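Here is what each chain is made of, one letter per residue.
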Amino acid sequence: MYIYELPFEINKELCRLLDNDDDWKELAGIHMKYSAFEVNEIEQVAARQTSSPTDQLFKKWGQLNHRVEELFILLHRMKHIPALRTLVPVVDARFHRLLHKHDSKSLKDKHTPPSEVNLNKVKTQKVDGSESSLPLPVMLIEKGVQLPTASPGIENSQTENTSTESSKNSTSQASKEGFDNEFLRNVSAIPMLSYEDLREATNNWSENNLLGRGGFGQVFKGEWKLLPVAVKRLRDNDDKNRELIREMCLNQYRHDNILPLYGYSLGGPEACLVYQLMAGGSLEQRLRYKTSHPPLSWNQRYRVAHGVARGLQYLHTMAGTPLIHGDIKPANILLDQCTMPKIGDFGLARKGPYGEDRTHLKVSRVHGTRPYLPDEYLRSRCLSPAVDVFSYGVVMLEMATALPAIDKTRSVLLLSDYMQQLASEGVDFGNFEDRILKAINNSNVHLCREFVSIGLHCTKYSRQERPNMLEVYKRLNAMEFPGKNLT
């Protein structure tokens, strides 16, 4: 039986049991391996809908086709006897022995040791300010605590201890270190790597392995445990580790079109982030012919447009509260060996407005790349998913025409403004197709017009006139052209 097939009464009783004392948070964060960011999202959605957070958790977990037997095993690890008994009627008899292993002393009740109470509180603790719950390493960074590099012995962190004095006296230093280790394992599922290992993986940060550089620092290719990786070495500046914090919190979203974060390193001269190495390079490199790869065909450009739309639609809708990337551009769209796109660089990502009556939020500073940002964000600092939609539109215009997003030699500086002006003049955008596609006999004037049409819609001056990413995704799905099913 799948989770979503649970009988109503059994589901209701499980929600009652696990909502009590927020036991669902332990189930979600420790046993289901959800990040603290995701746990907080579930709690917020439940609060807005005045529903059970356990029910929200089951819906989220159930969408991944998990079965009731898996839930039974996780509750067994929690030693949550009442919940196990509730599930007995709907699990196979061979699982019942797990329940019999527990005696009455294993029952999860109010007699939890004070040290464990503190542990659970810290696991779901919020950082002061507007940010959501963060993985423990990130919380410690924010508090100014120096974290060690990956090693068997991890020093005790400066986590506030609210236990009674007698509890303090009875808890050994080794036990505290054990708790800290458990924080690092369970609250953040992202592996912490040694700076020296990454130095070795990149051949001592060799210039020959340099993939790119920017305001954040440098990116090197390397090999770690026989796995090709890209290592982002962050620049040490006034916003030290801010990039790290956002990437760790926001790049935990798992999706086919989002670049996965393999690991991170702290404690060395610079903080580092480790990603999957994308063999196809960036969309920027491919459109400007800065690699040895052949030009992208129309089928490949469609695959990129479709995949990025799918990834953005997920970010804008799947987390309850929209997640706004904030820096969509060809350089941040990476391609694998099959030209499947993955959205990368979440250093500027922020949670957007939530609630039906909230369309945007005001931010104190504007971040991002000027040619890809709409006027309402640049002038009025209004942040909404429509910012990503506008950026996506500029990318669509670039993919169709290969024209740069900004060109000082053009009569109109910004590509989005230039194309809107041409549209008002009624020009045929089929004539603006990337010339290299004609040179390789891959011309498709119809697709060029479609790409430009979507780009123009997404870059409308008024954000209310722009489509959302679901509408864009559906429009791309509905496109028909020769070879579409071969993409």
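Conventions we followed
- Residues numbered from 1 in each chain as written.
- Predicted model: local features only at pLDDT ≥ 70, side-chain atom pairs only at ≥ 80, totals over all residues.
- Heavy atoms only, no water.
- Helix = DSSP H or I, 4+ residues; strand = E, 2+ residues; numbered from the N terminus.
- Buried < 20%, exposed > 50% of the residue type's maximum accessible area, 1.4 Å probe, protein only.
- Contact = heavy atoms within 4.5 Å.
- Axes fitted to C-alpha atoms, helices over the stretch in contact; angles between N-to-C directions.
- Parallel < 35°, antiparallel > 145°, perpendicular 65-115°, else oblique.
- Left-handed = near helix turned anticlockwise from the far one by under 90°.
- Nonpolar A, V, L, I, M, F, W, Y, C, P; charged D, E, K, R; others polar.
- Core = buried A, V, L, I, M, F, W, Y, C linked by side-chain atoms within 4.5 Å.
- Phe/Tyr/Trp six-rings, centres within 6.5 Å; stacked < 30°, edge-to-face > 60°.
- Lys NZ or Arg CZ within 6 Å of the ring centre and 35° of its normal.
- Salt bridge = Lys/Arg side-chain N within 4 Å of Asp/Glu carboxyl O.
- Expected span 1.5 Å × (residues − 1).
- Arc of directions from axis to C-beta.
- Pairing = 2+ DSSP bridges.
- Polar contact = N/O pair within 3.5 Å; in protein donor to acceptor, adjacent residues only side chain to side chain.
- UniProt positions renumbered as here; feature names shortened; annotations may be inferred.

*Asks:* Which residues make up the overall build of the protein chain, and what values do they have?
*Replies:* Scanning the protein chain from terminus to terminus reveals 21 helices and 11 strands. Within the protein chain, the proportion of its 487 residues that are buried is 53%. The long-range share in the protein chain, meaning contacts at least 24 apart out of those at least 6 apart in sequence, stands at 63%.

*Asks:* Which residues make up the packing of helix α17 (residues 385–401) against helix α20 (residues 445–458), and what values do they have?
*Replies:* The geometry of a pair of packed helices is captured by two quantities: the angle between their axes and the separation between those axes. Put simply, α17 and α20 touch, their axes get as near as 7 Å, and they point 155° apart. It follows that α17 is roughly antiparallel to α20 by the angle criterion. In the crossing of α17 with α20, the sense of the turn from one axis to the other is left-handed. Each of V389, F390, Y392, G393, M396, L397, M399, A400 and T401 in α17 lies in contact with α20, whose residues at this interface are C448, F451, V452, I454, G455, L456 and C458. A per-class count over the contact of α17 with α20 returns 13 nonpolar, three polar and no charged.

*Asks:* Talk me through the nonpolar core; I want residue IDs and the actual numbers.
*Replies:* In terms of nonpolar packing, the biggest core is built from 51 residues, with Y392, M399, M419, F451 and L476 touching the most fellow members. Ignoring any residue separated from it by four or fewer positions in sequence, one finds M399 in contact with L283, L287, W298, R301, V304, A305 and F451. Residues L6, L14, L18 and V90 belong to the second largest nonpolar core, which totals 31 residues.

*Asks:* Can you tell me about the packing of aromatic side chains, naming the residues and giving the values?
*Replies:* Taken as a whole, this structure holds six aromatic pairs when the rule is applied. Centroid distance W298 to F451: 5.1 Å. Interplanar angle 80°. Geometry classified as edge-to-face. Taken as a pair, W298 in helix α15 (residues 298–317) and F451 in helix α20 lie far apart in primary sequence, 153 residues in all. Side by side, W298 and F451 carry an identical accessibility label, which is buried. Taken together, the aromatic side chains of Y195, W205 and F220 make up a single cluster linked through ring pairs. In this structure, R67 packs its charged tip against the face of Y2, placed 4.7 Å from the ring centre.

*Asks:* Describe the pattern of salt bridges, listing the residues and the values that go with them.
*Replies:* Per the stated rule, a full pass over the model turns up 18 salt bridges. Here E284 ties to K290 by a salt bridge, and the two come within 3.8 Å at their closest N and O atoms. According to the relative accessible area criterion, E284 is partly exposed, its value standing at 21%. Among the charged side chains, a network of salt bridges with common partners joins E284, R288, K290 and E398.

*Asks:* Account for helix α1 (residues 8–19), naming residues and giving values.
*Replies:* Between its terminal C-alpha atoms α1 stretches 16 Å, which fits the 16 Å expected from 12 residues at 1.5 Å a residue. Along α1, the residues classified as buried are I10, N11, L14, C15, L17 and L18. Considered in projection along α1, the buried side chains sweep an arc of 170° and stay on one side of the axis. Residues of α1 that are exposed and angled more than 90 degrees away from the buried face: F8, E9, K12 and R16. On the buried face of α1, the contacting elements are α2 (23–31), α4 (53–62), α5 (68–78) and α6 (81–87). The positive-phi residue at the C-terminal boundary of α1 is D21, with phi of around 60°.

*Asks:* Any details on the pairing of strand β4 (residues 261–265)? Residues and values, ideally.
*Replies:* The buried fraction of β4 amounts to four of the five residues, a majority that puts the element mostly inside the structure. Bridge count for β4 against strand β5 (residues 272–276) is four bridges, and the pairing is antiparallel. Among the inter-strand pairings, Y264 is bridged to a residue of β5, identified as L273. Linking two consecutive strands that pair antiparallel, namely β4 and β5, is a turn of six residues; a positive phi of about 100° is found at G267 within it.

*Asks:* Go over the environment of L334, please, and point to the residues and values.
*Replies:* Tracing the backbone shows L334 in strand β7 (residues 333–335). Through-space distance from the C-alpha of L334 to that of G280 is 7.2 Å; in sequence the pair is 54 residues apart. If we ignore the near neighbours within four places in the chain, the residues touching L334 are L259, M278, G281, S282, M340, P341 and K342.

*Asks:* Could you give an account of the side chain of T202, with specific residues and numbers?
*Replies:* Tracing the sequence through the fold places T202 in the loop between α12 (195–201) and β1 (210–214). The class for T202 is buried, based on a relative accessible area of 0%. Engagement of the side chain of T202 in a polar contact is seen with the backbone nitrogen of W205, the distance being 3.2 Å. Dropping the residues within four chain positions of it, T202 is found in contact with N209, F220, K221, G222 and V231.

*Asks:* Tell me what's going on with the pairing of strand β2 (residues 217–224), and back it up with residues and numbers.
*Replies:* For β2, the tally of buried residues reaches six of eight residues, placing the bulk of the element in the interior. Pairing of β2 with strand β3 (residues 227–234), which is carried by eight bridges, proceeds in the antiparallel orientation. Bridging across to β3, V219 finds its partner in K232. As consecutive antiparallel partners, β2 and β3 are separated by two residues, and within that stretch K225 has a phi angle of approximately 55°, a positive value.

*Asks:* Which residues make up the UniProt feature "binding site: ATP" (unreviewed entry) in the protein chain, and what values go with them?
*Replies:* Those places that UniProt annotates as "binding site: ATP" (unreviewed entry) correspond, in this numbering, to K232. Relative to the helices and strands, K232 resides in strand β3. Owing to a relative accessible area of 5%, K232 belongs among the buried residues under this scheme.

*Asks:* Would you mind going over α20 in detail, with residue names and values included?
*Replies:* Between its terminal C-alpha atoms α20 stretches 20 Å, which fits the 20 Å expected from 14 residues at 1.5 Å a residue. Of the positions making up α20, those classed as buried are L447, C448, F451, V452, I454, G455, L456 and C458. Contacts from the buried residues of α20 go to α15, α17, α18 (415–424) and α21 (469–478).

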